[in-house]
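# Remarks on the overall topology
The chain contents come next:
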Amino acid sequence: DVKVTQSSRYLVKRTGEKVFLECVQDMDHENMFWYRQDPGLGLRLIYFSYDVKMKEKGDIPEGYSVSREKKERFSLILESASTNQTSMYLCASSLRDSSYNEQFFGPGTRLTVL
Amino acid sequence: AQSVAQPEDQVNVAEGNPLTVKCTYSVSGNPYLFWYVQYPNRGLQFLLKYITGDNLVKGSYGFEAEFNKSQTSFHLKKPSALVSDSALYFCAVRDGRRGSTLGRLYFGRGTQLTVWP
C-alpha cells in the first residue's frame, strides 16, 4: 500500500519560532509537493520538488523554504512563524514521467501559530 | 493559465438520490482531470481520473465522472447517494502538454457534499 506520512498531525508554535514539517513517502516517487489548505481557498501550492536537492516555487512560497536531501523526504520550513501561517499543511507525492501521475497525499498537519 | 472552477461551495442531497458535483476547467493542451475526496481531518484520497478514451470514467465507492470537451467540464456523479459520501470534494487538472511542469495539479476550491438521511 502506498504511503505518505507527515511528522505531526497537530502542532502549536509561537510567533517567530522556526518550524519544521516533515514528509516521507515510501513509493520511490520523484515528485513531492507541499500545499496549504484554508477554508474557501482550496489547496494552494507552496513548493514542489522533482528530484533530490531540486525545488520549484509554487503559488505562495513567501515565508517558506524547503529541503530535499533524500528522495523519500521533503521538508517544509517556516523560518519565522507568523499567525497568518496557521493552516492545514498537506504533503503529496507522485511519479514524475507518467500520464497516470495522480498525487498521493499524507494525512496533513494542522499548524496553529500563537 | 491552468485553472479549475467548482461553482458550488455546497451541495445537499437526500440519501438514495443521485448526486452531481460540478467542475469546469481551463488548460492548454489536452487535459488530465482528477477528482479527490477529503473526509474531516484527513488528507485527500484519489477517486478517479480522466486521461483519454471513454468520456465516462468510473472510480472508487461507486462514483463516476463525465468528461465533456466542448463544455470543458468534468462533473462527478453517483446514482444513489449515501450518508457516508458526505465529505469535501476537489477537482483538479493537469496540463497534458509535453514538458508541462512536472505533474503539477491545479485544484478547485472544493465542494462540500452533505447527504441527508
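The preceding data block contains the structure.
Residues numbered from 1 in each chain as written. Chains lettered and ligands numbered in written order. Predicted model: local features only at pLDDT ≥ 70, side-chain atom pairs only at ≥ 80, totals over all residues. Heavy atoms only, no water.

### A word on the side chain of A:D38
Residues and elements named next belong to chain A.
- Mapping D38 onto the fold places it in strand 4 (residues 31-38).
- The class of D38 is buried, set by a relative accessible area of 12%.
- A polar contact of 2.8 Å, which involves the side chain of D38, links it to the side chain of R44.
- Beyond its immediate chain neighbours, meaning those up to four positions away, D38 contacts R44, T86 and S87. (Helix = DSSP H or I, 4+ residues; strand = E, 2+ residues; numbered from the N terminus. Buried < 20%, exposed > 50% of the residue type's maximum accessible area, 1.4 Å probe, protein only. Polar contact = N/O pair within 3.5 Å; in protein donor to acceptor, adjacent residues only side chain to side chain. Contact = heavy atoms within 4.5 Å.)

### Some details on the state of the cysteines
Residue and element names in this part refer to chain A.
- With the rule as written, the count across this model stands at two disulfides over all chains.
- With its sulfur 1.9 Å from that of its partner, C23 forms a disulfide with C91. In this structure the cystine formed by C23 and C91 twists about its S-S bond by roughly -75°; its chirality is therefore left-handed. Of this pair, C23 sits in strand 3 (residues 19-25) while C91 sits in strand 9 (residues 87-94), placing them 68 residues apart in sequence. The same class applies to C23 and to C91, which are both buried. (Disulfide = S-S within 2.5 Å.)

### Remarks on the interface of chain A and chain B
- Each partner contributes residues to the interface: chain A has 27 residues there, and chain B has 22 residues.
- Of the roughly 2000 Å² buried between chain A and chain B on both sides combined, carbon and sulfur atoms contribute 54%.
- In this structure, A:D59 engages B:R104 in a salt bridge whose closest nitrogen and oxygen atoms are separated by 2.5 Å.
- Counting every contact that joins chain A to chain B gives five residue pairs in polar contact (both at pLDDT 80 or more).
- Secondary structure elements with two or more residues in the side of chain A that touches chain B: strand 4 and strand 5 (42-49) of chain A.
- When the residues that make up the side of chain A that touches chain B are grouped by side-chain class, the tally is twelve nonpolar, ten polar and five charged. (Buried area = accessible area lost by both parts, 1.4 Å probe. Salt bridge = Lys/Arg side-chain N within 4 Å of Asp/Glu carboxyl O. Nonpolar A, V, L, I, M, F, W, Y, C, P; charged D, E, K, R; others polar.)

### So, the packing of aromatic side chains
- Here the structure, examined in full by the defined rule, presents 13 aromatic pairs over all chains.
- Relative to B:F107, the ring of A:F105 lies with its centre 6.1 Å away and its plane at 80°, an arrangement referred to as edge-to-face. Taken together, the residues span two chains, with A:F105 in strand 10 (residues 104-105) and B:F107 in strand 11 (residues 105-107). In this structure, A:F105 and B:F107 share a single accessibility class: buried.
- The structure contains a cluster of three or more aromatic residues connected by ring pairs, namely A:F33, A:Y35, A:F48, A:F105, B:Y36, B:F46 and B:F107.
- Sitting over the ring of B:F63, B:K78 keeps its end group 5.0 Å from the ring centre. (Phe/Tyr/Trp six-rings, centres within 6.5 Å; stacked < 30°, edge-to-face > 60°. Lys NZ or Arg CZ within 6 Å of the ring centre and 35° of its normal.)

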